[in-house]
Amino acid sequence: MGIPGFPLVERGVQRIMKEPRTIDLGDRAATLISGGINLMDGGPMMGILPRPLWSQWYPPDPENRILLETNCLLIESEWGKFLIESGCGNKLTEKERRFYGGSNPDWVGHSLEAIGHTPSSINRVILTHLHTDHAGGIVCMDTNGIDSPTFCQATVLVCSTELDEARLGIGITPNAYDDRNWKALENNGDLIPAAPGADLGMGFSYYPTPGHTNGHQSVLITGAKGKILFTGDVLPLFRLAVPYYNMAFDVAPVINAQSKRRLLEQACREEWILVLSHEPDVPICRCVEKPGKSFPFVLQPVD
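This one's a predicted model, so the numbers in the text were calculated from it and none came from an experiment.

## A short note on the pairing of strand β11 (residues 204-208)
Among the five residues of β11, four are classified as buried, and the element is accordingly described as predominantly covered. In this structure, strand β10 (residues 199-201) lies alongside β11, joined through two bridges in antiparallel fashion. If you follow G201 over to β11, its bridge partner there is F204. What sits between the antiparallel neighbours β10 and β11 is a turn of two residues, in which M202 has the positive phi angle 55°. Relative to strand β12 (residues 217-223), β11 runs antiparallel, the two being bridged by five bridges. Residue pairing across strands places Y207 opposite S218, the latter belonging to β12.

Here it is as structure tokens:
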């Protein structure tokens, strides 16, 4: 189903309903769900890459926008239900809807309900960073038009460095952070800062990947049968796996490239599964070595 108010093209810029994908880690199951689609200008998303190149991978609409997912990961285990990321949420203003190309009805709450869960069943939410397209869903607009915590039984974890910089508004643009996305939780004592690289307990840990923001953290999930790394925006798209392919939204592109290189080398060495934050077509993949290239690692889809 298309997004009301936005023109569509043959490929991509339309709602493609997909069956949820679940990864079995032995002692826990990880299910990929949508936090809602975005339609973003392809130029900033692709940074230094020229349009004739990236448009082959992500065909734009007449307004130069490409289809992006806001992928979230639901983890179910004997310790409870955990959610990585939350998408844009259901309270985007008209200006934000134009920028993100999102639709308020298309949000993580509905995606959870579609697979038999409710926001109130989530025990903990873990965020990579506090930009609206990742953290907007932790506070929702209720039926009375009031901002309220979406996951009323959950605590929400975020890197302490990220929270400090979000409070100060340190971002690539003045609107990079919106405290409406977390203030209600902070006031309730349900927004918990964690140190960069912290062990978050129960098989979850932060994996420092600064560059997109200074406090950006990927999330490492360790199960009995392997590991998943939810990349966040250090590696948002399958085609941005080359370290120096960075978005224009990154506050420190060189540092982001270093973080990405380190991540991919370790993911290849330790055979991690990678879940990419905005990839619409190949969100679950592995990194494999391919000698003979200037950067000898590539991504391969996981079926």
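## So, helix α8 (residues 253-270)
Spanning 18 residues, α8 covers 25 Å between terminal C-alpha atoms, matching the ideal 26 Å at 1.5 Å per step. Those residues of α8 lying buried are N256, A257, S259, K260, L263, L264, Q266, A267 and C268. Phi turns positive, to about 60°, at E271, one or two residues after α8.

## Overview of the state of the cysteines
One pass over the structure, following the stated rule, counts zero disulfides. Lacking any disulfide linkage, C159 is separated from the closest cysteine sulfur, that of C72, by 19 Å. Here C287 is not disulfide-linked; the sulfur of C268 is the nearest cysteine sulfur, at 4.8 Å.

## Topic: the environment of E63
Looking at the element boundaries, E63 is found in the loop between α2 (51-57) and β3 (65-77). Between the C-alpha atom of E63 and that of L39, which follows or precedes it by 24 residues, the distance is 9.7 Å.

## Considerations on the nonpolar core
Residues L235, L264, L274 and L299 are the most contacted members of the largest nonpolar core, which totals 37 residues. Elements represented by at least two residues in this core include exactly α1 (42-46), α2, β3, α8, β15 (284-289) and β16 (297-301). Per-element tally for this core: the top contributor is α8, with four residues. Judged by nonpolar contacts, the second largest core, of 26 residues, contains L112, L127, A166 and W182.

Basis of the calculations
Residues numbered from 1 in each chain as written. Predicted model: local features only at pLDDT ≥ 70, side-chain atom pairs only at ≥ 80, totals over all residues. Heavy atoms only, no water. Buried < 20%, exposed > 50% of the residue type's maximum accessible area, 1.4 Å probe, protein only. Helix = DSSP H or I, 4+ residues; strand = E, 2+ residues; numbered from the N terminus. Pairing = 2+ DSSP bridges. Expected span 1.5 Å × (residues − 1). Disulfide = S-S within 2.5 Å. Core = buried A, V, L, I, M, F, W, Y, C linked by side-chain atoms within 4.5 Å.

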